[in-house]
Amino acid sequence: MIYETHTHFDDKAFDADREDAIRSAMEAGVTRFVNVGASMESSRTSVELAHKYPEFLAAVGVHPEDCRDLTEEDMDCLKEYTKDKDVVAIGEIGLDYYWNEPERDIQKKWFARQIELALDVSLPVIIHSREAAKDTYDIAKAECADRVGGIIHCFSYSTETARLFLDMGFYIGVGGVVTFKNGRRLKEVVEYTPLDRIMTETDSPYMAPVPNRGKRNSSEYLPYIIRQIADIKGISAEEVEEATYNNAVRLFGK
Ligand code: NI
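In short, a report on the structure. (Residues numbered from 1 in each chain as written. Predicted model: local features only at pLDDT ≥ 70, side-chain atom pairs only at ≥ 80, totals over all residues. Heavy atoms only, no water.)

**Regarding the environment of lysine 254**
Inference 1: Here lysine 254 is to be found in the segment after helix H9 (237-252).
Inference 2: Taking the C-alpha atoms as reference points, lysine 254 and valine 88, 166 residues apart in sequence, are found 8.5 Å from one another.
Inference 3: Among residues more than four places away in sequence, those in contact with lysine 254 are Tyr3, Arg32, Leu57, Lys85, Val88, Ala248 and Val249. (Helix = DSSP H or I, 4+ residues; strand = E, 2+ residues; numbered from the N terminus. Contact = heavy atoms within 4.5 Å.)

**Structural notes on the nonpolar core**
Inference 1: Grouped together as the largest cluster of nonpolar side chains are 65 residues, with contacts concentrated most on Phe9, Phe56, Ile90, Phe155, Phe170 and Val174.
Inference 2: A per-element tally of this core places helix H4 (residues 104-121) first, with six residues.
Inference 3: Aside from chain neighbours lying at most four places away, what touches valine 174 is Leu186, Val190, Ile198, Met199, Thr200, Glu201, Ile225 and Ile229.
Inference 4: One finds Val34, Leu57, Ala248 and Leu251 within the second-largest nonpolar core, a separate group that totals 15 residues. (Core = buried A, V, L, I, M, F, W, Y, C linked by side-chain atoms within 4.5 Å. Buried < 20%, exposed > 50% of the residue type's maximum accessible area, 1.4 Å probe, protein only.)

**As for the side chain of threonine 193**
Inference 1: The residue threonine 193 is located in the loop between helix H7 (184-192) and strand S8 (198-200) in this model.
Inference 2: A polar side-chain atom of threonine 193 sits 2.7 Å from the main-chain carbonyl oxygen of valine 189.
Inference 3: With residues up to four places along the chain from it excluded, the contact list for threonine 193 reads Leu166, Ile172, Ile198 and Lys233. (Polar contact = N/O pair within 3.5 Å; in protein donor to acceptor, adjacent residues only side chain to side chain.)

**Re the coordination of the nickel ion**
Tetrahedral coordination by four donors places them ideally at 109.5 degrees to one another around the metal; octahedral coordination by six donors ideally gives 90 or 180 degrees.
Inference 1: Taken together, the protein donors to the nickel ion comprise His6 (NE2), His8 (NE2), Glu92 (OE) and Asp203 (OD), at separations of 2.2 Å.
Inference 2: Classification of the site at the nickel ion rests on its four donor atoms, whose angles at the metal span 86 to 175 degrees, yielding the label irregular.
Inference 3: In primary sequence terms, the donor set of the nickel ion follows H-x1-H-x83-E-x110-D. Neither residue differs from the other here; histidine 6 and histidine 8 are each classed as buried. (Donors = N, O, S within 2.8 Å, 3.2 Å for Na, K, Ca; no water. Tetrahedral: all angles 85-135°; square planar, octahedral: opposite > 155°, others 65-115°.)

**Thoughts on the pairing of strand S3 (residues 56-60)**
Inference 1: Taking burial as the measure, the five residues of S3 include five buried ones, the bulk of the element.
Inference 2: Every second residue of S3 is oriented toward a common face, with Phe56, Ala58 and Val60 on one face and Leu57 and Ala59 on the other, all of them buried.
Inference 3: As paired strands, strand S2 (residues 30-36) and S3 are joined by four bridges and run parallel to one another. By the bridge assignment for S3, asparagine 35 is matched with alanine 58.
Inference 4: For the crossover that starts at S2, traverses helix H2 (residues 40-52) and ends in the parallel S3, the hand is right-handed.
Inference 5: Bridging between S3 and strand S4 (residues 87-96) involves three bridges; their strand directions are parallel. Its bridge partner being in S4, valine 60 is matched across the sheet by isoleucine 90. (Pairing = 2+ DSSP bridges. Right-handed = clockwise from strand over helix to strand, strands pointing away.)

Function cannot be inferred from these measures alone, as they are strictly geometric.
As C-alpha cells, this is what we get:
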C-alpha cells in the first residue's frame, strides 16, 4: 500500500490517457492519492477527480506562481471547497523565488492568507518552497502554521533547514530528486529525517525519478522513490511503504 501525497493527474499532460495512467499507478501499488491544486481551476478539477475515484483525495490552494490575480472572493471559493469531505489540505501554497514572478510581496501576502484559511478550516498545508527557505519558515512561524501542520513538499533545502521545519511539526516531502545522482543533499535529509516524518510523493507530471528522468512523471514510479529511501535508511521497501502510509493517514485523517 503506497500513499501518493502529491500528484497533479488533472494536468493536461494526462489528457490523452488519464484513466490508463491512474490505473497503472494503482497496479503499481498506489492505493491513495492526494491530487493537489495549484490554481483556482486546478483546485476545482482536483475536487472533481476526488469525486470520480474513491482512492483520490484533494488539496485546494494556489501555487505562488499563480497568485498574482487572487482575490478575497477566491479565498471564499477555496473555503467553500473545504466543506467537501474529500478535501484534506490547503495546497499547494508557498513561495518560489526561482523566477521572481510575481513579486515577492505578492507571493508572501497570499502564502500568509492561505495559511490563515487553513487555520480557519483546520486543515494541514502543503507547502511549495523554492529558494525561499528563510521567508517560508518565518511566515509559517508567524502565521502559526504549526497548529495545523503539513508537508514541505519536494524538499530541496539542507539538513539544518529540515531540522527547523521538523521542529515546527512539519513532514518532509520526498520525491524523484532522491533518485538523482546529483540529489546528494536530499539523500542526506532523508538519512537525517526520522521515518515517521517522511512523506512519499511524485509531483507528477513533473520531476520523474531515475530511470525515467526527463519523461512525464506519474504516480506509478513511486516504488523507485520508496526503494531509494529504503536503501538510504537500510531497511526494506515494505517498511518504508507502511511507515509513510501511516504518516499520511495521520496527517490527512484518511
Ligand atoms: Ni506540485
